[in-house]
Structure formats: C-alpha cells, structure tokens
Amino acid sequence: PLVLPGTYTVRMTKGGEIYEAKLPVELDRRATYTLADRKLQYDAAMRIAELFGEESALMGRIQALRGELAERGNVTTDAALKKRITDFDGKVDAVRKRIVATTEGGAITGEERLREDTDRVYGAVLSYNGAPTAYQIERINVLQAEFNDIDAQFGTLMKQDLPALNTALAAGGLLAI
C-alpha cells in the first residue's frame, strides 16, 4: 500500500558511502478524500496484507507437512501404514484446498478460495485511496474469521491426528513428523 502522508527518510548506499535525504509525502491536492479517509484505507490494506502473510505461513506449514508425509509414504512397505499416511495427507490436503484454488489455472477457472477472495478485496481497497466501504471492512472481517477457522482445523489435525500417526510411524521404524 501507499505510505501515509508524512516525512520519510530515503537512504542510498553506494560504494560504502551512505546518502540520506528527507522526503515529504503529501496527499494529492486534487484528492476528494481526507487524511482520515486515507488512514482508514491504509489500515484496511495493512490488515489484508497481514492476512496474506498468515495464509502464506499456513500454506508453508501445510506444504512442509505434506512433503514429510510423501517421504514417509514412499519408503514404507507396510500397506496399512501407507494407507494411514495417505488418509492423513488427504485430511491435510482438504485444509489446503480451503485456502487456494487447486484446479489448473486457478482463479481464471472460476474456482476461488480464501486466497483469491483475499486478493480481490485487497485490489478493491487499493483501487481507491479514500476510506474503504463498510462492505469491504466487513468482508475483511469475514475473511479473517474464515482463515481462523481453517487455521483451527489444521491445528486440530496436528494435535489430534498427527500424534497417533507418529506412533504408527515409529512402530514402523520411521521417523516421526
């Protein structure tokens, strides 16, 4: 998001030399919105950016877990253990599918999930530097609540299902996840 009006320090380093200058940033004089409106827009954009970060962090944990599951599934010869790994991976993948579109082509296929919805609201909020609409603010709240639900679902898998799988992995001579 664009920074709020204020005075910023710009720093450049060249060949060990550091150059600094103060840079004032002001509202466009032609703007039809106020500084307070602009602050509301900035705050909304930052909330969405934080949500993107949370989504990305959760996706990273999911991908790492699925990688570990694939690794264990590839080395075991025990059919029952392989099935347990596959079943757990299916549960983890169901969580992933709530976050991102999984059809080849993503959002252009019409399949949209939390990530695509978050992106659409982010674009809408950033398309106007004034205050976001009440609908946009409520949509951010809804998306955050949806993310919290998805995160809790993943947490439940990690607390309830993973320990039993780890016990089975150890019994099968494999490293726990």
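Heads up: the structure comes first, above all this text.
Attention in this report is confined to the structure presented alongside it. Computed from a predicted model, the values in this text were never measured in an experiment.

Considering the pairing of strand β2 (residues 17–25)
- Of the strand pairs in this sheet, strand β1 (residues 6–14) and β2 are connected by nine bridges, and their pairing is antiparallel. Among the inter-strand pairings, lysine 14 is bridged to a residue of β2, identified as glutamate 17.
- What sits between β1 and β2 in their antiparallel hairpin is a turn of two residues, with glycine 15 showing a positive phi close to 55°.

Re the nonpolar core
- Counting 32 residues, the largest nonpolar core has Phe88, Val92 and Leu165 as its most contacted members.
- Sorting the residues of this core by element identifies α1 (35–75), α2 (79–99), α3 (114–126) and α4 (134–171) as the ones contributing at least two each.
- With sequence-adjacent residues up to four places away left out, valine 92 is seen in contact with Ile62, Leu65, Arg66, Leu69, Phe154 and Leu157.

Some details on the pattern of salt bridges
- For the structure on display, the rule yields 17 salt bridges.
- For aspartate 28, the salt bridge goes to arginine 30, with nearest N and O atoms at 2.8 Å.
- With relative accessibility at 36%, the residue aspartate 28 sits in the partly exposed group.
- On the basis of relative accessibility, which here comes to 70%, the residue arginine 30 falls in the exposed class.
- Note that arginine 120 and aspartate 117 form a salt bridge whose closest N and O atoms lie 2.6 Å from each other. Residue arginine 120 and its partner aspartate 117 are both found in helix α3; the two are separated by three residues, about one turn of the helix.
- The class for arginine 120 is partly exposed, based on a relative accessible area of 44%.
- On the basis of relative accessible area, aspartate 117 is assigned to the buried category, the value being 13%.
- Each of Arg66, Asp89, Asp93, Arg96 and Lys97 takes part in one network of salt bridges that share partners.

Parameters and conventions
- Residues numbered from 1 in each chain as written.
- Predicted model: local features only at pLDDT ≥ 70, side-chain atom pairs only at ≥ 80, totals over all residues.
- Heavy atoms only, no water.
- Pairing = 2+ DSSP bridges.
- Helix = DSSP H or I, 4+ residues; strand = E, 2+ residues; numbered from the N terminus.
- Core = buried A, V, L, I, M, F, W, Y, C linked by side-chain atoms within 4.5 Å.
- Buried < 20%, exposed > 50% of the residue type's maximum accessible area, 1.4 Å probe, protein only.
- Contact = heavy atoms within 4.5 Å.
- Salt bridge = Lys/Arg side-chain N within 4 Å of Asp/Glu carboxyl O.

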